[in-house]
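# Structural characterization, general
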Amino acid sequence: IAADVYRPAAIEQLKLLGEKTGTEVFEMGNEKDPVDIVRAGIEYAKEKGFGTVIVDTAGRQVVDENLMGELKRIKDATRADETLLVVDAMTGQEAANLTKVFNDRVGITGAVLTKMDGDTRGGAALSIQRVSGKPIKFIGTGEKVEKLEPFYPDRMASRILGMGDVLSLVEKAQETFDEKEAEKMTRKMMENKFDFEDFLTQSKMMKTMGSMGNLMKMMPGVGNISSKQLAEAENRMKITTSVIHSMTAKERRAPELLISDTTARSRLARIAKGSGRDVRAVENVVTDFMKMRTMMQRMSKRMVDGPGAEGEVESMEQLSAMNRSQRRAAKGKKKTPTGPKRGFGK
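Residues numbered from 1 in each chain as written. Predicted model: local features only at pLDDT ≥ 70, side-chain atom pairs only at ≥ 80, totals over all residues. Heavy atoms only, no water.

### Quick word on the environment of Lys-147
- Within the element layout of this structure, Lys-147 appears in the loop between β3 (136-140) and β4 (148-150).
- Look at Lys-147 and you get buried, because its relative accessible area is 12%.
- In sequence terms Lys-147 and Met-116 are 31 residues apart; their C-alpha atoms lie 9.9 Å from each other. (Helix = DSSP H or I, 4+ residues; strand = E, 2+ residues; numbered from the N terminus. Buried < 20%, exposed > 50% of the residue type's maximum accessible area, 1.4 Å probe, protein only.)

And the structure:
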């Protein structure tokens, strides 16, 4: 029910959100009294047989007497099971004070804390529960609907202490990754066939899980990463993506073409020009990718066969040398044919 008749375009924004989520929005424009709109909306919901009704009311960053009176009248008219106050985590202690005032004047059952993807790291969450005595029901970590998630105090405490939040990370991964696709990727990793196309696919899936900063905060041991380090990591990812997009489909599926093939140098030069980078930067992307691929193969094999002992790959020269030695070994293993030669027409 669109009951915020004061904020410009509030009703239109709510209708757009309803279209995206498949939720019907009841509205009567911005000329009617909000209490009358809410009463009419509840009757409409009863007629339609809806099981849940969410009332979107006007909000303020400061206490407003008229608004307080309006909210109390809406609450009396709805007899709502839940009365939630949405507060901005970036306001810090003020968020806690605002929650307490709203609870004392209107009466709330909990709070929704937004902008938790910033640098506040949950300090406001602890303040709200301590000052207002009311629980936090949900937190928002982004602009999209899927960035709204249930609040778990123990997980937030782990994030604040830099211990990560593995459970939330696993839940996000389960929502994002298809089990069959994950099995397919695991096989490719074990067989050392993970390519640049796979890398792009995995990167897109990771983006749907949230920002790099949020994901890192959930990982044990890296929760205290600085903004500078995070910016550098995100910049490297952008460079890597631009380089990969400048490759041909054949090159993305066969990274070895950029290392041991006779056309490798000209390919690297073309990719560098297409991505706006120098050849050295492209070589670094390829080298880092091959290191990562070797590491993934080693880790996936260890899970099955136990620990192994393989050397590290350090440079394009080593990668090329490894490929040459692999080709020589393969050539030496070829058996000399003993039967008659067979070919077209024979």
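### Focus on the packing of aromatic side chains
- Taken as a whole and assessed by the stated rule, the structure comprises 5 aromatic pairs.
- Consider the rings of Phe-26 and Tyr-44, whose centres lie 5.4 Å apart with planes at 35°: the pair is tilted. On the criterion of sequence distance, the pair formed by Phe-26 in the loop between α1 (10-21) and α2 (34-48) and Tyr-44 in helix α2 is long-range, its members being 18 residues apart.
- Classification of Phe-26 by relative accessible area gives buried; the value is 17%. (Phe/Tyr/Trp six-rings, centres within 6.5 Å; stacked < 30°, edge-to-face > 60°.)

### Some words on unusual backbone geometry
- A positive phi angle, near 65°, is found at Ala-9, a position not held by glycine.
- Among the structural elements, Ala-9 can be located in the segment before α1.
- When its relative accessible area of 47% is taken as the criterion, Ala-9 is described as partly exposed.

### A closer look at helix α4 (residues 93-105)
- Between its first and last C-alpha atoms α4 spans 19 Å; for 13 residues at 1.5 Å apiece the expected length is 18 Å, and the two agree.
- Among the residues of α4, Ala-95, Ala-96, Leu-98, Thr-99, Phe-102 and Asn-103 are the ones counted as buried. Projected down its long axis, α4 shows its buried positions confined to an angular sector of 165°, all on one face.
- Immediately downstream of α4, the backbone of Gly-107 shows phi near 95°, a positive value. (Expected span 1.5 Å × (residues − 1). Arc of directions from axis to C-beta.)

The values reported here are purely geometric and, on their own, carry no functional implication.
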